[in-house]
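Chain residues, written in single-letter form:
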Amino acid sequence: NKYREDVQLMKAMGLKYYRFSLSWSRILPNGIEADGVNQDGVDYYNNVINELIANDITPMVTLYHWDLPQALQENYGGWVNEALVQHFNDYANFVFQTFGDRVKYWITFNEPWVVCFLGYGTGGNAPGIQDESNSTYLCGHTILKAHAAAWHTYDSMYRASQQGQISITLNCDWPEPR
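Right, let's walk through the structure included here. All residue numbers refer to positions counted from 1 along the written sequence of the respective chain. Only residues with pLDDT of at least 70 are given local features in this predicted model, and only at 80 or more are side-chain atom pairs given and counted; all residues enter the totals for whole chains, interfaces and linings. As a rule here, side-chain values cover all heavy atoms of the structure and leave hydrogens and water aside.

### Looking at the packing of helix H3 (residues 39–54) against helix H5 (residues 83–99)
Then step 1. With axes taken as lines fitted to C-alpha atoms, and helix axes fitted only over the stretch in contact, angles between N-to-C directions fall between 0 and 180 degrees. For the purposes of this entry, the term helix denotes a DSSP run of H or I that reaches at least four residues, the term strand denotes a run of E that reaches at least two, and both are numbered from the N terminus. Two elements in contact, H3 and H5, have axes separated by 11 Å at closest approach and are oriented at 50°. In terms of axis orientation, H3 runs oblique to H5. Like other packed secondary-structure pairs, H3 and H5 cross with a definite hand, here right-handed. Packed against H3, whose contacting residues are Val-42, Tyr-45, Asn-46 and Ile-49, the element H5 presents Phe-94, Thr-98 and Phe-99 at the interface.
Then step 2. A class-by-class count of the residues in the contact of H3 with H5 yields five nonpolar, two polar and no charged. With respect to orientation, any angle under 35 degrees is reported as roughly parallel, any angle over 145 as roughly antiparallel, any angle of 65 to 115 as roughly perpendicular, and every other angle as oblique. Handedness of a crossing follows from how the near helix is turned relative to the far one, being left-handed for an anticlockwise turn of less than a right angle and right-handed for a clockwise one. A contact between two residues is defined here by any heavy atoms of the two lying within 4.5 Å. Residues were grouped as follows: Ala, Val, Leu, Ile, Met, Phe, Trp, Tyr, Cys and Pro as nonpolar; Asp, Glu, Lys and Arg as charged; and all remaining residues, including Gly, as polar.

What follows is the structure, given as structure tokens:
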């Protein structure tokens, strides 16, 4: 990986912030800490974060950007199952604990509409489920609950000591009449 060179390019451009996404399965391959942590993945993200900070670039970290660990899709049916609220919260807790001493800006989910409507409604994105009448809404409900759980975990356990901020990224379109 060429993250060091990438960071030097960012520095040369004068960037002060860099938003990137963690891969849940790169850290917890099966999505669950009890099933094992991929230390190589943790080390990689530690190296990226440290390199950014060493070059005066503030990391902004997204926890979930459309890449659910396959085991959670296979074993639970993905985001339509509310069991994922706790699994996501456990993952978020691990990440806050592991990287939060250096990361001050957290984004729980990137564009949940894309995950739910395109992944569980039209089937155009992974996991390719076509169920606009039910799964889209179950997915949205579960993701909102997972976001809230992670937000509360950060707020109650980490905000005071880490002094960070946490939110969600929502997409919006700008339609104009013809």
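We are not done yet, so read on.
### Overview of helix H1 (residues 3–13)
Then step 1. Three labels apply to residues, based on accessible area from a 1.4 Å probe with only protein chains included: buried if under 20% of the type maximum, exposed if over 50%, partly exposed otherwise in between. Within the sequence span of H1, burial applies to Tyr-3, Val-7 and Met-10. The arc that holds every buried residue of H1, seen down its axis, measures 55°, which confines them to one face. Opposite the buried face of H1, by more than 90 degrees, sit the exposed residues Leu-9 and Ala-12.
Then step 2. Gly-14 sits one or two residues past H1 and shows a positive phi near 85°. The directions from the helix axis to the C-beta atoms are what the arc is built from.

### Describing the nonpolar core
Then step 1. Buried Ala, Val, Leu, Ile, Met, Phe, Trp, Tyr and Cys residues that are joined via side-chain atoms within 4.5 Å together make up what is termed a nonpolar core. In this structure, Ile-27, Trp-79, Phe-88, Phe-99 and Trp-106 are the most contacted members of the largest nonpolar core, which totals 43 residues.
Then step 2. For this core, the secondary-structure elements that each account for two or more residues are H1, helix H2 (24–27), H3, strand S2 (58–64), H5, strand S3 (105–110), helix H6 (112–120) and helix H7 (135–157).
Then step 3. Discounting chain neighbours no more than four positions away, the residues touching Phe-88 are Trp-24, Leu-63, Tyr-64, Trp-79, Thr-108, Phe-109, Ala-146 and Ala-150.

### Considerations on the side chain of Thr-153
Then step 1. Note that Thr-153 resides in helix H7.
Then step 2. You can call Thr-153 buried: its relative accessible area is 9%.
Then step 3. Any N or O atom pair separated by 3.5 Å or less is treated as a polar contact, with the protein-specific requirement of one donor-capable and one acceptor-capable atom, and with residues adjacent in sequence counted only for side-chain atom pairs. There is a polar contact of 2.8 Å between the side chain of Thr-153 and the side chain of Asn-89.
Then step 4. The contacts of Thr-153, once residues within four sequence positions are left out, are Asn-89, Asn-93 and Tyr-158.

### A few points about the state of the cysteines
Then step 1. Counting rule for disulfides: a pair of cysteine sulfur atoms within 2.5 Å. In the structure shown here, the tally under the stated rule is one disulfide.
Then step 2. Note on cysteine connectivity: Cys-116 is disulfide-linked to Cys-139, with sulfurs 2.2 Å apart. Taking the torsion about the sulfur-sulfur bond, which here is approximately -70°, the covalent link between Cys-116 and Cys-139 counts as left-handed. Of this pair, Cys-116 sits in helix H6 while Cys-139 sits in helix H7; the two residues are 23 residues apart in sequence, bridging distant segments of the chain.
Then step 3. Using a relative accessible area of 4% as the deciding quantity, one classes Cys-116 as buried.
Then step 4. Between Cys-172, a free cysteine, and Cys-116, which holds the nearest cysteine sulfur, the sulfur-to-sulfur gap is 17 Å.
Then step 5. By relative accessible area, which is 70% here, Cys-172 ends up exposed.

### Notes on the pattern of salt bridges
Then step 1. A pairing counts as a salt bridge when a side-chain nitrogen of Lys or Arg comes within 4 Å of a carboxyl oxygen of Asp or Glu. In the structure shown here, the tally under the stated rule is three salt bridges.
Then step 2. With a closest N to O distance of 2.6 Å, Glu-82 and Lys-145 form a salt bridge. In this pair, Glu-82 sits in the loop between helix H4 (70–76) and H5 while Lys-145 sits in helix H7, placing the two residues 63 residues apart along the sequence.
Then step 3. For Glu-82, a relative accessible area of 40% gives the class partly exposed.
Then step 4. Between Arg-159 and Asp-155 there is a salt bridge; the shortest N-O distance is 2.6 Å.
Then step 5. In this structure Arg-159 comes out as partly exposed when scored by relative accessible area, which is 22%.
Then step 6. Classification of Asp-155 by relative accessible area gives partly exposed; the value is 35%.

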